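# Fold and geometry: a report
Here's the letter readout for the chains.
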Amino acid sequence: MQHELKRTISAYEEKPAVQPFGEAKQLGHRRTQSHVPFGANRPKSYQVAVGGPGALHPRPVVTLRRNRGSYVSRSSRESYAAPAYNESALLQRQESNVRMREVDLFIRKMDYQASSPDEKALVEACARMGLVYTGDVGDQMQLKVRRSCVRSNVRSRLSEIPGDEELVQYERLAVLEFTSDRKRMSIIVRDAHGQIWLYTKGAESHVLPLCAHSPLIETTQRHIDEFAKLGLRTLAVARRRLTEQQFRTFSDELIEAGSSLVDRAERVAECQQRIEQELELLGATAVEDALQDDVRSTLLALGEAGIRVWVLTGDKVETALNIALSCGHIPDGAARYFITDCRTPEHVQQHLDTLSLEMFRQRDVPFSLLIDGASLQIALDAHREQFRDVSIRCRAVLCCRLSPLQKCEVVQLMKTADCTPVTAAIGDGANDVSMIQEAHVGLGIVGREGRQAARCADYAFAKFCMLKKLLLVHGHYFSTRLAVLVLYFFYKNLVFMGIQLYFQIHSFFSNQSVYDSVFLTLYNVVYTAIPVLVLALTEKPYQEQTLLKNPALYQKVAGNKQYAWKYFIGWLLLGIYHCSVIYFFTYAVWIENPAIYAHWPATASFACYGTILIHNVVVLVNLKLLIESIYKSNYDGSMLHVYNNLLSSLTFWVLSLVILIAGFLPDLTMLAIRSIGIKLGHIFPGGAKYRHVLFQWRGDQLQSTDL
């Protein structure tokens, strides 16, 4: 049977694949916008590990269901490889619609809050399977567990509504928090029987080495690899039985390490690592992290705009590769080169030399580089410049299993490149804060990971797809506006002061200004400020849809191209030409006949000469700005001839006069009352002074200074 490759827009209402008559129904994991065939089955290695060689025959598969709104059409969201679900006799449990509505209402009522969406997804999934976390009472964690989940002799039938539940309590004794170095977290609890347990969950690379030798480790590792290839986020879960003496010893050591004044963090980490040993592997979890809408189109548009996109993630290489392929980060037909599991600097250098040689041989083929955290750390320590020069030539770079510090170091490394790139970092979680703060421009997404990234970023928005409009539209607009604003300020002041320089030459540097002091004050404040301010806020070189459809237009403003020397020198030459035209044309007319500016038979004053110069300067530089502006709003003509009609109307003048008299009637009344000797308070300071000016005959009673 041929599987159809289907990328659904929504993962909530995805319809199950139609099975031929007579075949047993099998469930698999489907990922939104993924390169996974629709209705893919479990791998054969999983079936052999679970049920033996005879398990290859079709039989029901146990899955953990996670429901997101629909009660009729559902698909499996998480798959577990825990031993408790590996019994071949267990049947697939399907709750009725009524029961699932009750569970969903209860989950919404509980309103689970977690430090990461993965933890919240796991708690909600367990609630739908019958293990409901109801909250804490002090240090007591309370769970409602259905008897069908804990008793081996009880089976759930199809469409059964089990209502028999029991309350289970666990006492929380200690919590070993997650850190980017440990990549795991642990909790120590005491059950109702007094037994102490340590439960650990985290990245399999940091959990599986701590587990005791067991055949389940190899099987679980294969399952995790299969899940990662499907683009799922995986975690390993393990536990350890502790005695009372072991816990007390650990507690005393932890308190002593926490109160240490020297190397406190290292001593605490060593104490935690000593207790997290000889673990019993329980299994692994796989959670789908669906892509947001329009991620692929956004990344493709950024690529067409000439923006190099790097992905720095903490996921596994297989998971990150699947996501990079599904979202279009790695171009189709690009050569992929992997640098993983390197242990020595020589090994990393050999990989970098090979990649550089391959890119030299295949110059027309785009290359994509995939490197893990361990290999990247060696490259940053031993071959920093070589790694930078080689990776910057790749079309796409994918760095996996990185810590927050490594993300920051990668951004810092790229800022030292010879091409002096402008870096922008975008993230949605607390582990992206250092990277966002290190980049030239920090972009934060307000999402399920919290608001830490948004608070520390320069710009914050809700979805990743908004980055397309932010860069291609608003970035293009403001780059052009700022360039015109800066260049125009140089131009208009060159024209203004160039005339002053010419006048000083003709007056033998007499220190006399050709402009009046009023013109010197208002030129940059009023005469030329408002037009350029309006242009700096409204200029649009292209329409928004044009920029979104043609991302390549971003290259016209990328890299501060509009601040190039050719544009700057062009504006300077134009300013010199304009000030020369204004001054010498005016000077020629003034020398020929200075009386031409006067209406009476006399020579015009020096102020007329300076006024005619500033008049032409203001008109010319503002018209030059109008010519340079590209976006001009279309005037609809609604104000055409309005004032012509109003000024020729007697009613308009009479109405204006009546409004003025009515408006000043209270003020005139108060002045009249004070003029006859009645003392009233003044609303405005200086009232007595103005009254003294209007009524001079009362000057003997009021002592004030004339205006």
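Reading the values: the criteria
Residues numbered from 1 in each chain as written. Predicted model: local features only at pLDDT ≥ 70, side-chain atom pairs only at ≥ 80, totals over all residues. Heavy atoms only, no water. UniProt positions renumbered as here; feature names shortened; annotations may be inferred. Pairing = 2+ DSSP bridges. Helix = DSSP H or I, 4+ residues; strand = E, 2+ residues; numbered from the N terminus. Axes fitted to C-alpha atoms, helices over the stretch in contact; angles between N-to-C directions. Contact = heavy atoms within 4.5 Å. Phe/Tyr/Trp six-rings, centres within 6.5 Å; stacked < 30°, edge-to-face > 60°. Buried < 20%, exposed > 50% of the residue type's maximum accessible area, 1.4 Å probe, protein only. Salt bridge = Lys/Arg side-chain N within 4 Å of Asp/Glu carboxyl O. Core = buried A, V, L, I, M, F, W, Y, C linked by side-chain atoms within 4.5 Å.

You'll find the protein entered in an unreviewed UniProt entry as Phospholipid-transporting ATPase, with Anopheles epiroticus given as the organism. UniProt lists a comment for the protein under the heading Catalytic activity (unreviewed entry), and it reads "ATP + H2O + phospholipidSide 1 = ADP + phosphate + phospholipidSide 2." According to the UniProt record, the Subcellular location (unreviewed entry) comment for the protein is "Membrane".

## Concerning the sheet that holds strand β12 (residues 367-371)
Ordered in space as β10-β13-β12-β11, the four strands form an open sheet in which the pairing is parallel. Only two strands of the sheet have a single partner each, and these edge strands are β10 (310-312) and β11 (335-339). If you compare each strand with its neighbour and ignore which way they point, the axes differ by 10° on average. Direction of pairing for β10 relative to strand β13 (residues 396-399): parallel, over a ladder of three bridges. Its bridge partner lying in β13, Trp 310 is registered against Val 397. Contacting β11 and β12, helix α11 (residues 345-361) crosses the sheet at an angle of about 170° to β11.

## What to know about the sheet that holds strand β14 (residues 424-427)
Either a parallel or an antiparallel arrangement is found when strands of a sheet pair, and the pairing is made through backbone hydrogen bonds. Taken in spatial order, the three strands of this open sheet run β14-β15-β16, and their pairing is parallel. Two strands close off the open sheet at either side, each with one partner strand: β14 and β16 (459-461). The sheet shows a mean angle of 20° between the axes of neighbouring strands, taken without regard to direction. The sheet contact formed by strand β15 (residues 441-445) and β16 spans three bridges and is parallel. Pairing of Leu 443 across the sheet is with Tyr 459, part of β16. On the sheet, helix α17 (residues 466-506) packs against β14, β15 and β16 and is oriented at approximately 140° with respect to β16.

## Concerning the packing of aromatic side chains
Evaluated as defined, the whole model comprises 15 aromatic pairs. With centroids separated by 4.6 Å and ring planes inclined at 10°, the aromatic side chains of Phe 496 and Tyr 515 adopt a geometry described as stacked. Separated by 19 residues along the polypeptide, Phe 496 in helix α17 and Tyr 515 in the loop between α17 and α18 (517-527) bring together distant segments of the chain. Like Phe 496, the residue Tyr 515 is buried in the burial classification. An aromatic cluster is defined as three or more aromatic residues linked by ring pairs; in this entry it consists of Tyr 502, Tyr 583, Phe 584 and Tyr 587.

## Things to note about the pattern of salt bridges
Any two side chains of opposite charge can pair if their charged atoms end up close together. All told, the structure shown has 22 salt bridges when counted by the stated rule. Residue Lys 407 pairs with Asp 432 through a salt bridge whose shortest N-O separation is 2.9 Å. Highlighted residues: Lys 407 in helix α14 (residues 404-414) and Asp 432 in the loop between β14 and α15 (433-438), separated in sequence by 25 residues. No difference in accessibility class separates Lys 407 from Asp 432, as the two residues are buried. Residues joined by salt bridges that share partners form a network here, namely Glu 204, Asp 225, Lys 316, Glu 318 and Arg 401.

## Section: the nonpolar core
In terms of nonpolar packing, the biggest core is built from 31 residues, with Leu 312, Ile 339, Leu 355, Leu 369, Leu 376, Phe 387 and Cys 399 touching the most fellow members. Elements with a minimum of two residues in this core: β11, α11, β12, α12 (373-382), α13 (384-391), β13, α14 and α15. When residues no more than four places from it in sequence are discounted, the contact partners of Ile 339 are His 351, Leu 352, Leu 369, Leu 370, Ile 371, Asp 372 and Ser 375. Tyr 502, Val 532, Leu 613 and Ile 614 belong to the second largest nonpolar core, which has 27 residues in total.

## Observations concerning the UniProt feature "transmembrane region" (unreviewed entry) in the protein
Mapped onto the present numbering, the UniProt feature "transmembrane region" (unreviewed entry) falls on residues 482-505, 517-537, 568-590, 602-621 and 642-665. Helix makes up 100% of residues 482-505 and strand 0%, and the two end C-alpha atoms of the span are 35 Å apart. The annotated region residues 642-665 carries 92% helix and 0% strand content, and the separation between its end C-alpha atoms amounts to 30 Å.

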